[in-house]
2 protein chains.
Amino acid sequence: MSPPLATSAPEATTYPFPRPALTVDCVVFGLDDEGLKVLLIERELEPFRGQWALPGGFVRVGEGLEQAARRELAEETGLGPGLSPHAPTFFLEQLFTFGDPRRDPREHTVSVAFFALVNIRDHAIRAATDARDARWVAIDAPRALAFDHDHILAVALARLRGKLRYQPIGFELLPPRFTLTELQRLYETVLGTSLDKRNFRKKILALGFVVETGELEEGVRRRRARLYRFDEARYRALEREGFSLWI
Amino acid sequence: MSPPLATSAPEATTYPFPRPALTVDCVVFGLDDEGLKVLLIERELEPFRGQWALPGGFVRVGEGLEQAARRELAEETGLGPGLSPHAPTFFLEQLFTFGDPRRDPREHTVSVAFFALVNIRDHAIRAATDARDARWVAIDAPRALAFDHDHILAVALARLRGKLRYQPIGFELLPPRFTLTELQRLYETVLGTSLDKRNFRKKILALGFVVETGELEEGVRRRRARLYRFDEARYRALEREGFSLWI
DNA sequence: GCAAAAGTGTTGAAGGTACACCCATGT
DNA sequence: ACATGGGTGTACCTTCAACACTTTTGC
């Protein structure tokens, strides 16, 4: 039996058997004043043509997983450096790999899922390539996504909630300067709880890596709130000393 | 271009491009009186023939990821129901997926890594198939493993340490009945810290899911210690009430 | 002056940490 | 009787949770 795949490696050592297909899928969360949203595309191609799905696609030979995820996001939704040249980078990390042989009706397809957090206002989106449309959809809207994407989304949401409690990732969903009330609303929205304003502010400021900028909110028809930012250098310093964050 | 793979799905919808190979690798931790160990195999085949590596291998079409991991473990190390018919099941969960295109010199190979915890005494091991040897190796012994397995092992160890602090997985490394001193030594060994005996016992017992069996240690030439067990039902009940574990 | 959100301290309860000696058993 | 590890309680301190009013601004 000869290797079925073109490759530059010596033929004698390549693996000569059929193999599952490999894809990446991205769960991109964003926050606006309506609540937590996820970025979905409407599929242009079969299977599940016309249905909503997570952005994603096949991993190319020679391509890293995160690289594939960013490429698919850019291609299908415009998220990334192409569409808004000054768009900041965004948080992206591996979530889980879904490998049920029946999750894709075509054939056995293993998907490495990623989860991303973006500040909606700074990232324009636009459908392209094999996406007919791309939209921010409320996390609690009823959905029936293609493949096992409802399941992947549920896992991502659980991870977001879990992680928010012990890692400073909430800032990724906010603009670089934010008010403490915005930050508190983020925690309340994502965790589905309500928090005491005084205790929240005390705790956040005691952590030491959320610092005042000296600036005030603008364009608001009431008392202007102070703006804060996440000080990553301070966070890393504290992390090295082994402190614990626990909201 | 026609699909290069044999598959039962309709040809028109399968993905007709070269794809990375897909493997699983397992980081199996165990604990004995010398300390924390990891289960390694000596490779019988190229590449890296004769070198030590994590047990693992190619995922077959139609096979789930965890299923592939358990199959490879059984084949290469004897771990699982085959070798010791009464061996208990063991903890196995997905760790991370490693996809650097250069991690395998043959060709682009993506590996889904798993991490497992077993009670060494209850699980016999025996090398087979493409493993020349299989051994428990001290975690802090100098190693130069095949592929990127040193890196995978480092990630697994970080995960074990992190997880031990907020999830009751340490019990998976101990026999079903254990003394509190054994449990404390486990935490100290894995976390690399030393803990106060009185405070440790107070805390563990206050959690409520480590319960006395009424039995005493045997075969020991000193005062016999009480035996405890992990009460999974109680743990799940407490978990549902939303308590927090923090060693 | 009123509506709307910003900002601010104290107190009591619970939990965490530090610390040293007696007990049971085998040799 | 001595060596080995098993088993126990208290005092202090830190952290967490509950709780309500004054300030600023725009209309």
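Residues numbered from 1 in each chain as written. Chains lettered and ligands numbered in written order. Predicted model: local features only at pLDDT ≥ 70, side-chain atom pairs only at ≥ 80, totals over all residues. Heavy atoms only, no water.

## Examining the overall build of chain A
- Scanning chain A from terminus to terminus reveals five helices and nine strands.
- In sequence order, chain A lays out its α and β elements as β-β-β-β-α-β-β-β-α-α-α-β-β-α.
- For chain A, the spread of C-alpha atoms along the three principal axes comes to 70 × 40 × 35 Å.
- Considering only intrachain contacts with a sequence separation of at least 6, the fraction spanning at least 24 residues in chain A is 65%. (Helix = DSSP H or I, 4+ residues; strand = E, 2+ residues; numbered from the N terminus. Contact = heavy atoms within 4.5 Å.)

## A look at the protein's contact with DNA strand D
- Around DNA strand D sit 18 residues in total, of which A:Arg223, B:Lys197, B:Arg201, B:Lys202 and B:Arg226 are the nearest.
- Of what DNA strand D places within 4 Å of the protein, 43% of the atoms are sugar or phosphate.
- In the model, a base nitrogen of DNA strand D is placed 3.3 Å from a nitrogen or oxygen of the A:Lys202 side chain.
- The side chain of B:Arg201 places a nitrogen or oxygen atom 2.7 Å from a phosphate oxygen of DNA strand D.
- Elements supplying a minimum of two residues to the surface near DNA strand D: α4 (197-207) of chain A together with α4 (197-207) of chain B.
- Along the lines of polarity and charge, the residues of the surface near DNA strand D split into one nonpolar, two polar and 15 charged. (Near = heavy atom within 4 Å. Polar contact = N/O pair within 3.5 Å; in protein donor to acceptor, adjacent residues only side chain to side chain. Nonpolar A, V, L, I, M, F, W, Y, C, P; charged D, E, K, R; others polar.)

## Structural notes on the domain arrangement of chain A
Residue and element names in this part refer to chain A.
- Under the domain assignment used here, chain A contains domain 1 (11-164) and domain 2 (170-240).
- Where domain 1 abuts domain 2, roughly 1100 Å² becomes buried across the two surfaces, and 72% of that area is made up of carbon and sulfur atoms.
- Where domain 1 meets domain 2, there are zero salt bridges.
- Summed over the shared surface of domain 1 and domain 2, the number is two residue pairs in polar contact (both at pLDDT 80 or more).
- Looking at the side of domain 1 that touches domain 2, the elements that each hand over two or more residues are β1 (21-32), β2 (35-43) and α2 (149-164). (Domains from an automatic or database assignment. Buried area = accessible area lost by both parts, 1.4 Å probe. Salt bridge = Lys/Arg side-chain N within 4 Å of Asp/Glu carboxyl O.)

## Quick look at the pattern of salt bridges
Residue and element names in this part refer to chain A.
- Overall, the coordinates contain 48 salt bridges over all chains when judged by the stated rule.
- Of the charged contacts, one joins Lys37 and Asp32 as a salt bridge, the two residues approaching to 2.9 Å between their closest N and O atoms.
- The buried category is assigned to Lys37, whose relative accessible area is 6%.
- Its relative accessible area of 26% is what places Asp32 among the partly exposed residues.
- We note a salt bridge from Asp148 to Arg103, for which the minimum N-O separation is 2.8 Å. Here Asp148 is found in the loop between β7 (131-138) and α2, whereas its partner Arg103 is found in the loop between β5 (91-98) and β6 (109-117), with 45 residues between them in sequence.
- The class of Asp148 is buried, set by a relative accessible area of 16%.
- Within the structure, one salt-bridge network assembled from shared partners comprises Arg60, Glu63, Arg71, Glu72 and Glu75. (Buried < 20%, exposed > 50% of the residue type's maximum accessible area, 1.4 Å probe, protein only.)

## Section: the protein's contact with DNA strand C
- Neighbouring DNA strand C are 18 residues, the closest being A:Lys197, A:Arg201, A:Lys202, A:Arg226 and B:Asn199.
- Looking at DNA strand C alone, sugar and phosphate atoms form 44% of those within 4 Å of the protein.
- Within the side chain of B:Asn199, an N or O atom sits 2.9 Å from a base nitrogen of DNA strand C.
- At 3.2 Å from a base nitrogen of DNA strand C is found a side-chain nitrogen or oxygen belonging to B:Lys202.
- Listing elements by their share of the surface near DNA strand C, those giving two or more residues are α4 of chain A together with α4 of chain B.
- The class makeup of the residues in the surface near DNA strand C is one nonpolar, two polar and 15 charged.

## Side note on the confidence of the model for chain A
- For chain A, the average pLDDT comes to 90, and 92% of its residues sit at 70 or higher.
- Every residue in residues 1-12 of chain A is under pLDDT 50, and counting partners more than four places away or in other chains gives 20 contacts. (pLDDT = per-residue confidence, 0-100.)

## Describing helix α1 (residues 65-77) of chain B
Residue and element names in this part refer to chain B.
- In a regular helix each residue adds 1.5 Å, so 13 residues correspond to 18 Å; α1 covers 18 Å between its end C-alpha atoms and thus fits that length.
- Among the residues making up α1, those that are buried are Leu65, Ala68, Ala69, Arg71, Glu72, Leu73, Glu76 and Thr77.
- A positive backbone phi angle near 80° is found at Gly78, which sits one or two residues after α1. (Expected span 1.5 Å × (residues − 1).)

## So, a nonpolar patch on the surface
- Together, A:Tyr166, A:Trp246, B:Tyr166 and B:Trp246 make up an exposed nonpolar region whose accessible area comes to about 360 Å².
- The partly exposed category is assigned to B:Tyr166, whose relative accessible area is 32%. (Patch = residues over 30% accessible without salt bridge, like charges linked within 9 Å, V, L, I, M, F, W, Y side chains within 5 Å. Areas by Shrake-Rupley, 256 points an atom, 1.4 Å probe, with all protein chains shown as cover.)

## Focus on helix α3 (residues 180-191) of chain B
Residues and elements named next belong to chain B.
- With twelve residues, α3 should reach 16 Å at 1.5 Å per residue; the first-to-last C-alpha distance of 16 Å fits that figure.
- All buried positions along α3 are accounted for by Leu180, Leu183, Gln184, Leu186, Tyr187, Val190 and Leu191. One side of α3 holds all its buried residues, which, seen down the axis, span an arc of 150°.
- Next to the buried residues of α3 lie β1 (21-32), β2 (35-43), α2 (149-164), α4, β8 (210-216) and β9 (226-230).
- Directly after α3, the chain includes Gly192, whose backbone phi takes a positive value near 70°. (Arc of directions from axis to C-beta.)

## A few points about the packing of aromatic side chains
All names here are of chain A.
- Here the structure, examined in full by the defined rule, presents 21 aromatic pairs over all chains.
- For the ring pair Phe230 and Tyr235, a centre distance of 5.9 Å and an interplane angle of 50° mean the geometry is tilted. Residue Phe230 shares its accessibility class with Tyr235, and that shared class is buried.
- Through a chain of ring-to-ring contacts, three or more aromatic side chains come together here, namely Phe171, Phe178, Phe209, Phe230 and Tyr235.
- Directly above the ring of Phe90 sits Arg70, whose terminal nitrogen or CZ lies 5.1 Å from the centroid. (Phe/Tyr/Trp six-rings, centres within 6.5 Å; stacked < 30°, edge-to-face > 60°. Lys NZ or Arg CZ within 6 Å of the ring centre and 35° of its normal.)

## Describing a positive patch on the surface
- Taken together, the side chains of A:Lys197, A:Arg198, A:Arg201 and A:Lys202 make up a positively charged region of the molecular surface.
- Turning to its location among the elements, A:Lys202 is positioned in helix α4. (Lys, Arg positive; Asp, Glu negative; His and termini not counted. Charge placed at Lys NZ, Arg CZ, Asp CG, Glu CD.)

## Brief notes about the pairing of β1(B)
Residues and elements named next belong to chain B.
- With respect to burial, β1 is a largely interior element, eleven of its twelve residues being buried.
- Note: β1 against strand β6 (residues 109-117), nine bridges, orientation parallel. Following the sheet pairing, Cys26 is matched in β6 by Phe114.
- Bridge analysis of β1 against strand β4 (residues 56-58) gives three bridges, and the strand direction is antiparallel. Within β4, the position partnered with Val24 by the bridge is Gly57.
- Note that β1 and β2 share four bridges and pair antiparallel. Looking across to β2, one finds that Gly30 is bridged to Lys37. (Pairing = 2+ DSSP bridges.)

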